[in-house]
Each structure stands twice: as C-alpha cells, then as structure tokens.
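# Structural description and commentary
So you can see what is in the structure, the chains are spelled out below.
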Amino acid sequence: MTLGFGASRDVHGWAARLIVGLLVIVPASSAAQTINLARSTIVDLTHPLNARTLYWPTAPSRFKLEQLAYGPTPGGWFYSAYAFSAPEHGGTHLDAPIHFSAKGATADRVPLQQLVASAVVIDVSARAASNPDYLLTVADITAFERTHGRIAPGSIVLLRTGWSTRWPDAKAYLGDDTPGDASKLRFPSFGPDAATLLVRERRVAALGVDVASIDYGRSTDFRVHRIAAEANVPGLENLTSLDRVPATGALVIALPMKIEGGSGGPVRVIAIIPR
Ligand SMILES: [Zn+2]
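This structure is a prediction, so every number in the text was calculated from the model and none was measured. (Residues numbered from 1 in each chain as written. Predicted model: local features only at pLDDT ≥ 70, side-chain atom pairs only at ≥ 80, totals over all residues. Heavy atoms only, no water.)

## Some points on a nonpolar patch on the surface
A contiguous nonpolar surface patch, about 670 Å² in accessible area, is contributed by Leu65, Tyr70, Phe78, Tyr82, Phe84 and Met257. Elements with a contribution of two residues or more to the nonpolar patch: strand E6 (64–72) and strand E7 (78–85). Here the nonpolar patch gets three residues from one element, more than from any other, and that element is E7. The topology assignment puts phenylalanine 78 in strand E7. (Patch = residues over 30% accessible without salt bridge, like charges linked within 9 Å, V, L, I, M, F, W, Y side chains within 5 Å. Areas by Shrake-Rupley, 256 points an atom, 1.4 Å probe, with all protein chains shown as cover. Salt bridge = Lys/Arg side-chain N within 4 Å of Asp/Glu carboxyl O. Helix = DSSP H or I, 4+ residues; strand = E, 2+ residues; numbered from the N terminus.)

Below, the structure is given as structure tokens:
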C-alpha cells in the first residue's frame, strides 16, 4: 500500500512518499533519503495554544477557548466541546506568501511540498545570546555549508536563536511588552542578505525561526518577509525545541490550518529525526 503526499513531484524536483511506516524523501539530484518511522524520534516544534500564547503587540485579540460543554450528559456519557478564535499570526504559525505579497499564495494554496521537506538547522544561539539584534549573515550560511554541505533546493531552513526558552514571557521574548506598541521590539532573526541567498540562490522551500518574526525585532521595513513572499516562500514563526533537531537529516512536517484565502494561521510543526 502506498500513500502519496500530494503530487509526486514539485517545482524543486522533489518527491515524497509514505510507504507503510517508511517515509522516502527523494531529492532529484542525489540518493533517496529513507526515514524508518520505527527508528526515528519525532520532535514537536510547536508551542501550545493557550491564554499565555504570544501575539504581535498590535494584534486585536489573543487565542480564546470558550467552553461549550464539559461533563456528564443526561444520557450518562461524558461530553466536551469548545469554540476557539485567534488572529492568524500568533503562537507557532505560518506566514503565507500573501502576508507580504499581493500575488503570493494564500495559506490554503502553499504547495504541500514546501511544508513537508528535509530541514537544515543553522544555530546562531551563541551569537544571539550576546546580541539580541543579531542578524543571520551570508558568512554564517557559508560557514554552515563548509561543515554540512550546500543547502539543497527545496530544504526548509530553520534558524535557531535560542529565544524559545524565553517563551511565553513577552518582555523577555519580544524585547518589550507594551500593549499595542510594536516599536520597541528586540530579538534576532534572518538578515536580508542571508534571506536573499537562501531564497533566490539556494531556492529553499520555507524559512523557519524560533522568534516571533523572520525579520528581527527592530525591523521597520520587513525586508526578509518581502524577499521571501515575493518568491512564494512561506515563513514558520515562534518555533520551539530547535535544539533537539540536528543540523541536517531531519524531515519537517509543518501543516497549517487550511484557511481558505488566509494570510497564515496556526501550524503544528514536527521534525522526524532518524535515530
Ligand atoms: Zn506571521
């Protein structure tokens, strides 16, 4: 029995197939990567959604869970149900390309091949620890590639700043906790030159980061968002546990709520790591 993952081939020439517990990732240009689910660790890279979930300071509301039912029914069985609501861009979430590009894909139309792909993790946590304005540089990528090889087209690039340990303390995580004011935020992220290299030359599938934005906190022009969106590259923000994902070799699955016409939305992100 074979279950296909969307189309068998995408624009980057990748194919992914799930074969009864074996996930076979086949980059067009090199040998197949087989992940045996029985011999893999699955790591959750997602913060829970709850009353403490962080949103952009200007968001009009937060995650809300309203209890509709909880307890024994007249028939004698237990029953619970809730209604939830939230802005798209908070907690661990997807930025669909249309978030910063009028012609970009909406949340429901981001190709699955860009959300299920091999991942690389670039670790700048040591540098970010001493500089909350740290921006990933081209030199960081070059150094990463010297050790781990060239980043393959269609990869999901995850940037580890170490900031997820500050979650959900708004002041520590965002740099400022003034309600309604996003002008004093401070946290590290991708730099525009590095993003240009990743998006235009390496042709990566998505950019992910363990801070609130793929642009750093002090950004006022959101250049990384614009560079990525223009190339239909989605973002994954507010990730966690990137310290548990190796620099190469993991498969990431990042499936957002399928909000038709949406600019993003909550996403459950996991990494499958061969043992
Ligand atoms: Zn966002």
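## Observations regarding the environment of proline 60
Assignment of secondary structure puts proline 60 in the loop between strand E5 (40–44) and E6. In this structure, the C-alpha to C-alpha distance between proline 60 and proline 87, residues 27 residues apart in sequence, is 7.6 Å.

## Quick notes on the pattern of salt bridges
The tally for this structure, following the rule as stated, stands at eight salt bridges. Residues aspartate 44 and arginine 268 are paired through a salt bridge, measuring 2.7 Å at the closest nitrogen-oxygen approach. Within this pair, whereas aspartate 44 is found in strand E5, its partner arginine 268 is found in strand E16 (residues 264–274), the two being separated by 224 residues in sequence. Between glutamate 230 and arginine 200 there is a salt bridge, and its shortest N-O distance comes to 3.5 Å. You can see glutamate 230 sitting in helix H5 (residues 223–230) and its partner arginine 200 sitting in helix H4 (residues 192–201), a full 30 residues away along the chain. A relative accessible area of 59% places glutamate 230 in the exposed class. (Buried < 20%, exposed > 50% of the residue type's maximum accessible area, 1.4 Å probe, protein only.)

## Points about helix H2 (residues 138–148)
Considered for burial, the residues of H2 that qualify are Asp140, Ile141, Phe144 and Glu145. Mapping the buried residues of H2 onto a view down its axis gives an arc of 130°, with all of them on the same face. Of the exposed residues in H2, those oriented more than 90 degrees away from the buried face are Ala139, Arg146 and Thr147. Structurally, H2 contributes buried residues whose contacts are with strand E9 (116–123), helix H1 (125–130), strand E10 (135–136) and H4. Where H2 begins, the side chain of threonine 137 points an oxygen toward the backbone nitrogen of alanine 139, at a separation of 3.4 Å. Looking at the residues trailing H2, positive phi occurs at glycine 149, about 90°. (Arc of directions from axis to C-beta. Contact = heavy atoms within 4.5 Å. Polar contact = N/O pair within 3.5 Å; in protein donor to acceptor, adjacent residues only side chain to side chain.)

## Quick look at the nonpolar core
If you look at the biggest cluster of nonpolar residues, it comprises 34 residues, and the most contacted ones within it are Ile122, Leu136, Ile151, Val157, Phe190, Leu198 and Leu207. Contributing elements (two or more residues each) for this core: E9, H2, strand E11 (156–160), helix H3 (170–174), H4, strand E13 (206–209) and H5. In terms of residue count, H4 provides more of this core than any other element does, five residues in total. The contacts of phenylalanine 190, once residues within four sequence positions are left out, are Leu135, Leu136, Val157, Leu159, Leu198, Leu207, Gly208, Val209, Ile214 and Val224. Of all hydrophobic cores here, the second largest spans 26 residues; its members include Val43, Ala107, Leu242 and Val245. (Core = buried A, V, L, I, M, F, W, Y, C linked by side-chain atoms within 4.5 Å.)

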